[in-house]
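# Notes for the structure review
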Amino acid sequence: MSKPAKISMIVLISVVVLLVLLAGAIFTASGVFKKARYLDPWKRDYAGQFEDPRVQLAAYGLLAANGHNMQPWKIRLDQQNPLSFYLYTDSARLALESDPLARQTLVSQGTFLEYVRVAGEQLGYQAQIKLFPDGEYDEQNLSESMDQKPVAEITLVQAEAAPNPLFDYMFLPDTNRMAYKSDPLTAQQRQRLEQTNADGELALTFLESPADIRKLGEYGVEGTDIETGLARMNDESAEIFRSNEYQKNKYRYGFSFEGQGTTGIMKHLLQGMITIIPSFNNEAASTKLAVQAAQTAADHSPAYALILSGDNSRTSQVKAGMLYSRLILAGHEQGLVMQPLSQVLEEYPEMNGPYARIHQEYAPGGETIQFLIRIGQPTEDTPLSMRREVTELIAE
């Protein structure tokens, strides 16, 4: 081999070695070989390891959709009655910037309760749920009131096990932010979704006209653009962003790349690069990606749904969350996925304009829109999100 050829070979080998070392560093920083303990609660046998049926049902409730994946739940087991427990809002898990009135946090209490109810039927218990047994919160001392007053008292009454057809769908991801197929809802799908609101306490409406789809998509983009343009909102999101497997296993709540559907090698590449070079995930880049994702969602949404309440009481907020859980489980049963578009319904000054407009157009009777939801058939699956250990929810 000639001398130039030998030099070229040495250079090539050196480049390959450097690339291998770089890839190794990136994947190590990502935690590619770490076991994803933050996904353990999604396993079908996870709840079964606990003898106490109250803890078992809380383990199922833990899988429910919740705002910002904060999992703002706390339970207290009744020491006198082994079939009774209380659900509290965890005041240490509030998203004070994006959810300053804690409306989304209370909605998340409802999603938890409905999962408990569905799982109870599967396990042979009727979950009797009494909302705010000690009265609603003192809004002037909200955090302290959350610690003192339960959202619900849950009493389990043993009954013959009656498998709930929605139970199996609790183990699927609750939110799909990807593009949906253009197929409209079928009459059967729509009828099944409407059945989730059998008691009629809240209003559940579906919107599928081209005008409504365009208008609601625009609201979704506008809300995202406003929220991501505010430094304090981005700081709040950054604080709960888990950039690698180590952090996800440590915290087990908040945001991660999976939320945008990123999986496999690409997920680990991004996680590793951001871990090594944190500035790679800068605010401008994140904002641009979020708005682009919102526009893609708006362009690929065949239907929307609204959940409205006559007032905006804490009880109504919780009931809206319960309805949403029924809706999403029935949607999964029908091969549908959903995404709640929360930004335009958030209550802080910069969002006042679009918040007022969407209520004027879609809640002219003075109702409160608790949910704006896009619905459709998925074009791709979305991964599961982090969940805490259920034992972390148990308060003394």
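Report on the accompanying structure. All figures in this text were calculated on a predicted structure; none of them were measured in a lab. (Residues numbered from 1 in each chain as written. Predicted model: local features only at pLDDT ≥ 70, side-chain atom pairs only at ≥ 80, totals over all residues. Heavy atoms only, no water.)

## Notes on the packing of helix α2 (residues 53-61) against helix α3 (residues 103-123)
Direction vectors running N to C along α2 and α3 enclose 125°, while the axes themselves pass 8 Å from each other. Between α2 and α3, the angle is such that the two are oblique. The crossing of α2 and α3 is right-handed. Mapping the contact onto sequence places Gln-56, Leu-57, Ala-58, Tyr-60 and Gly-61 in α2 and Phe-112, Tyr-115, Val-116, Ala-119, Gly-120 and Leu-123 in α3. The class makeup of the residues in the contact of α2 with α3 is eight nonpolar, three polar and no charged. (Axes fitted to C-alpha atoms, helices over the stretch in contact; angles between N-to-C directions. Helix = DSSP H or I, 4+ residues; strand = E, 2+ residues; numbered from the N terminus. Parallel < 35°, antiparallel > 145°, perpendicular 65-115°, else oblique. Left-handed = near helix turned anticlockwise from the far one by under 90°. Contact = heavy atoms within 4.5 Å. Nonpolar A, V, L, I, M, F, W, Y, C, P; charged D, E, K, R; others polar.)

## As for the sheet that holds strand β8 (residues 368-376)
As summarised here, the arrangement of the four strands in space is β5-β6-β8-β7, forming an open sheet in which the pairing is antiparallel. Every other strand in the sheet has two partners, leaving β5 (203-207) and β7 (337-340) as the edge strands with one partner each. The mean angle between the axes of side-by-side strands here comes to 25°, regardless of whether they run parallel or antiparallel. In terms of strand pairing, β5 meets strand β6 (residues 303-309) through five bridges, oriented antiparallel. Residue pairing in the sheet places Thr-205 in a bridge with Leu-306 of β6. In this fold helix α6 (residues 210-228) packs onto β5, β6 and β8, with an angle of close to 70° to the strand it touches most, β6. Running over the sheet, helix α12 (residues 352-362) touches β5, β6 and β8 and is turned about 80° from β8. (Pairing = 2+ DSSP bridges.)

## A word on the pairing of β8
Counting buried positions along β8 yields nine of nine residues, so the element is predominantly enclosed. In the sheet, β6 pairs with β8 via seven bridges, with the strands oriented antiparallel. For Ala-305, the partnering residue across the bridge sits in β8 and is Ile-373. When β7 meets β8, the two strands line up antiparallel, connected through four bridges. Bridge assignment links Pro-340 to a residue of β8, and that residue is Ile-373. (Buried < 20%, exposed > 50% of the residue type's maximum accessible area, 1.4 Å probe, protein only.)

## What about the packing of aromatic side chains?
Overall, the coordinates contain nine aromatic pairs when judged by the stated rule. An angle of 90° between the planes, with centres 5.5 Å apart, marks the rings of Phe-132 and Tyr-137 as edge-to-face. Each member of the pair, Phe-132 together with Tyr-137, is buried. Ring centres of Tyr-251 and Tyr-253 lie 6.4 Å apart, and the angle between their planes is 90°; this geometry places the pair in the edge-to-face category. Using a relative accessible area of 30% as the deciding quantity, one classes Tyr-251 as partly exposed. Pairwise contacts between aromatic rings join Tyr-60, Phe-167 and Phe-171 into one cluster. Of note, Arg-242 hangs over the ring of Tyr-251, and the distance from its end group to the ring centre comes to 4.1 Å. Sitting above the plane of the Tyr-180 ring, Arg-374 keeps its charged end 3.7 Å from the centroid. (Phe/Tyr/Trp six-rings, centres within 6.5 Å; stacked < 30°, edge-to-face > 60°. Lys NZ or Arg CZ within 6 Å of the ring centre and 35° of its normal.)

The analysis is restricted to geometry; functional conclusions fall outside its scope.
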